[in-house]
Amino acid sequence: MDRFTLKGGALHCEDVALQAIAREVGTPVYVYSAKMFREAAQAFRGGLVDAGVHDAHLAYAIKANPNIAVLKVLAAEGFGADVVSAGEMNRALAAGMPAADIVFSGVGKTRGELIAALDAGIGQFNLELEEEGEVLADLAAARGITAPAVLRVNPDVDAGTHAKISTGRKENKFGIPISEAVAMYARLAGRPGLDLKGVAIHIGSQLSDLAPLEAAYVRVGELVAELRAAGHTIARVDLGGGLGVPYKVGEVMPSAAAFGQMVARVTKEWGVTLMFEPGRRIAGSAGVLVTEVVWVKPGAVNPYIIVDAAMNDLARPALYDAWHDFQAVVPTGNRMIANIAGPVCETGDTFAMGREIDEVASGDLAVFRTAGAYGATMASTYNSRSLVPEVLVEDGRYAVVADRITPETILAAERVPDWL
Ligand SMILES: *Cc1c(COP(=O)(O)O)cnc(C)c1O
C-alpha cells in the first residue's frame, strides 16, 4: 500500500510530515518508508508461496538501494543479497545477512573480489565466463575449499525494456550464450575447487510484462533438462530479478501473485531450489526524493520549475529518459503545465518537459515519486554538489540513515601535488 499520502493537506511518509524532515535535514533528501520495503518483500515472497513455491531463496539485489538501514529491514524479512562488488558484499555482511545467503553476480568480478568472497564463505558465485570459473576453481582449490557456483546463461530474449537496462540479448555483455552452456558446463563441472550447482539468468530491469521472463524461464527449463541428460546434478536455478514498478499514476505492473503463478507453472517439474534477485520491485516504490523549488523561470513554451535536486541526485531521467511523478508536498489543488529541471549545468539535467503537475511556486516543497530504487545509490557530486542524504521513516519516527556529504568533505580528500 502507498504510504506517501496527504494528511491534513500535507504529504506524509507513514505518519511523518515531509515538511518536518525537510526542515531538519534540508533538501534535497531521499525519504524511505520502512513499511513499504517490508510490504514489498512480503508481497514478493507471498506471491511465490501462494502459488506453491515454498522454498525459494530471495536475494535482494542491493545495487537498487544499498543503504545499510534498508538492508537491515530486508534481512529481518529473511532476504539475503545479490551483490555485484566486494563493497556490496561487505554491506550485506555488515547488515547481518548470513554469508551463505549472499549471491555474487557481475561480469567483472576481480580476482581480489573472488578471493574476498571465498574467504567470507558466500553462498553462490554466478559465473559470467569460462575463465572466471577456472580462476575461481583454482583459487578455491588452493585454499582447500570448493566454491558454490552457477553458470549465468544469456537466453537471448528481448526483455522489452530500456536498452541500457536490458541484459538478456545475445549482444549484451552478460552471461554465456545458452547454446554453449552444455559444453562449458561439462568442462567446468569436473574441476576441483568448483561445486557447480546449476544455472542463472537475469534478462533486464523494469520489466512490465511477464512474457519475456516466461520465455527466458522456459529456455532455462530446457537447458536444465539437457544438462541432466548429460549427467549433471542440477540443484539450483537462479531466475534473477527484473520485475518492474509503476512510475506513473495508473500504470499497472504484473502482480506478485501473477508472477508467482507463472513461476510455479513453468518450474513445476524442475525439482530445484529456486533463487530470485529482485531489486527495484522491493525498493522502488518505498522512496521519494524531496526537493525545494528554487525558481519558477519563464520558458519559451512552458515555465521551468528549477528545483534544488538534480541529475547528480536522481540520475534515471538523464540516463534512461525515466519518468518520476512530481507532486507538491502541500498541493494547492491547482495544476500547471511546466518543465522541471535541476541546477546542474547541462540540458540532460531535466526531469520533465511540458508536464501537467501540481502548481508550485518558489520555496515550495515537492517530491519525485518512486525514487527508492536506483536513486541515492547512483548519486554523485557532479558540479561540486553534496552527496544527497537519506532518511528512513517508520510509523511516527524517522532517522537520518545517510548523512549529507558536503563538497568540503570531498575537497578535503583531494590533494595538490607538491610540484604545483
Ligand atoms: C540489477 C540486477 C538485478 C536486479 O534487477 P531489478 O530489476 O532491480 O530487479 C538482479 N540480478 C542481477 C544479476 C542484476 O544485475
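Quick caveat, the model's predicted, so the values are computed rather than measured.

Definitions and cut-offs
- The residue numbers shown here count from 1 along each chain, following its written sequence.
- Whole-chain, interface and lining totals are the exception, using all residues; otherwise, since this is a predicted model, local features are given only for residues with pLDDT of at least 70 and side-chain atom pairs are given and counted only at 80 or more.
- Heavy atoms from the whole structure form the basis of all side-chain values; hydrogens and water molecules are not counted.
- Marked domain ranges trace back to an automatic or database domain assignment.
- Pairs of residues are marked as contacts when any of their non-hydrogen atoms sit within 4.5 Å.
- For any pair of parts, buried area is found by adding up, for both, the accessible area (1.4 Å probe) each one loses once the two are put together.
- Every case where a carboxyl oxygen of Asp or Glu lies within 4 Å of a side-chain nitrogen of Lys or Arg is listed as a salt bridge.
- Nitrogen and oxygen atoms within 3.5 Å of one another constitute a polar contact, given that in protein one can donate a hydrogen and the other can accept it, and given that sequence-neighbouring residues count only through two side-chain atoms.
- Under the DSSP-based scheme used, a helix requires at least four consecutive residues in state H or I and a strand at least two consecutive residues in state E, with every element numbered from the N terminus.
- Burial classification: accessible surface area is computed with a 1.4 Å probe over protein chains only, and a residue below 20% of its type maximum counts as buried, one above 50% as exposed, and the rest as partly exposed.
- We define proximity as follows: a residue is near a molecule or strand when any one of its heavy atoms falls within 4 Å of that partner.
- Each residue is assigned to one class: nonpolar for Ala, Val, Leu, Ile, Met, Phe, Trp, Tyr, Cys and Pro, charged for Asp, Glu, Lys and Arg, and polar for all the others, Gly among them.
- Here the nonpolar core consists of buried residues drawn from Ala, Val, Leu, Ile, Met, Phe, Trp, Tyr and Cys, with membership extended through side-chain atoms lying within 4.5 Å.
- Two strands pair if DSSP finds at least two bridges between them.
- A clockwise course of the path from the first strand over the helix to the second, judged with the strands pointing away from the viewer, identifies a crossover as right-handed.

### Looking at the domain arrangement of the chain
Interface size, as often reported, equals the accessible area lost upon joining of the parts. By domain assignment, the chain separates into domain 1 (4–33 + 284–412) and domain 2 (34–283). Computed from C-alpha atoms alone, the centre-to-centre distance between domain 1 and domain 2 is 32 Å. The interface of domain 1 with domain 2 comprises 27 residues on the first partner and 25 residues on the second. Carbon and sulfur atoms supply 52% of the area that domain 1 and domain 2 bury against each other, a total of about 2300 Å² over both sides. In terms of surface lost to domain 2, no three residues of domain 1 exceed Tyr320, Trp323 and Tyr374, which account for 25% of the buried area on that side. Linking domain 1 with domain 2 are four salt bridges, by the criterion used here. Among the salt bridges present, the one from Asp395 reaches Lys35, with a minimum N-O distance of 2.3 Å. Connecting domain 1 to domain 2 are 19 residue pairs in polar contact (both at pLDDT 80 or more).

### Re the pattern of salt bridges
Between side chains of opposite charge, a pair can form when the charged atoms approach closely. Inspection of the entire model under this criterion finds 20 salt bridges. A salt bridge links Arg169 to Asp158; the shortest N-O distance between them is 4.0 Å. Of this pair, Arg169 sits in the loop between strand E9 (147–154) and strand E10 (176–177) while Asp158 sits in the loop between E9 and E10; the two residues are 11 residues apart in sequence, bridging distant segments of the chain. According to the relative accessible area criterion, Arg169 is partly exposed, its value standing at 22%. Of the charged contacts, one joins Glu171 and Arg169 as a salt bridge, the two residues approaching to 3.9 Å between their closest N and O atoms. A relative accessible area of 58% means that Glu171 is categorised as exposed.

### A look at the site of the ligand
As a matter of local geometry, the ligand sits amid 14 residues, with Lys63, Ser205, Glu277, Arg280 and Tyr374 nearest to it. At 2.8 Å, a side-chain N or O of Lys63 approaches an oxygen atom of the ligand. Residue composition of the shell around the ligand, grouped by class: three nonpolar, six polar and five charged.

### Some points on the nonpolar core
If you look at the biggest cluster of nonpolar residues, it comprises 122 residues, and the most contacted ones within it are Val31, Phe125 and Phe259. Among the elements that line this core, the one with the most residues is helix H8 (residues 210–229), at eight residues. When residues are assigned to domains, this core turns out to be shared by domain 1 (4–33 + 284–412) and domain 2 (34–283), each giving three or more. Those residues in contact with Val31 that lie beyond four places of it in its chain are Phe4, Cys13, Leu18, Ile21, Ala286, Gly287, Val288, Val290, Val391 and Val393.

### Quick look at unusual backbone geometry
The step from Thr27 to Pro28 runs through a cis peptide bond, and the omega angle for that step is -5°. Mapping Pro28 onto the fold places it in the loop between helix H1 (18–25) and strand E4 (29–33). Residue Thr370 is not a glycine yet carries a positive backbone phi of 55°. As for its placement among the helices and strands, Thr370 is situated in the loop between strand E19 (365–368) and strand E20 (390–394). A residue is classified by how much of its surface remains accessible, and Thr370, at 8% relative accessible area, is buried. Positive phi, close to 55°, is recorded for Asp395, a residue that is not glycine. Position of Asp395 relative to the elements: it lies in the loop between E20 and strand E21 (397–402). Asp395 sits in the partly exposed class, given a relative accessible area of 35%.

### Points about the sheet that holds strand E1 (residues 4–7)
Pairing within the open sheet is antiparallel, and its three strands lie in the order E1-E2-E3. Each edge of the open sheet is held by one strand with a lone partner, namely E1 and strand E3 (16–17). Across four bridges, E1 lies against strand E2 (residues 10–13) in antiparallel orientation. Across the sheet, the residue bridging to Leu6 is Leu11, located in E2.

### Quick notes on the environment of Leu194
With respect to the helices and strands, the residue Leu194 is situated in strand E11 (residues 194–200). Taking the relative accessible area as the measure of exposure, Leu194 reaches 8% and is therefore buried. Among residues more than four places away in sequence, those in contact with Leu194 are Leu127, Gly133, Leu136, Ala137, Thr146, Ala147, Ala149 and Leu188.

### Considering the pairing of strand E8 (residues 124–127)
Where burial is concerned, the two faces of E8 agree: the one with Gln124 and Asn126 and the one with Phe125 and Leu127 are both buried. The β-α-β motif built from strand E7 (residues 102–104), the intervening helix H5 (residues 111–120) and the parallel element E8 has right-handed crossover chirality. Taken together, the three bridges between E8 and E9 define a ladder with parallel strand orientation. Counterpart to Leu127 in the pairing with E9 is Leu151. Each parallel crossover has a hand, and for E8 linked through helix H6 (residues 130–142) to E9 it is right-handed.

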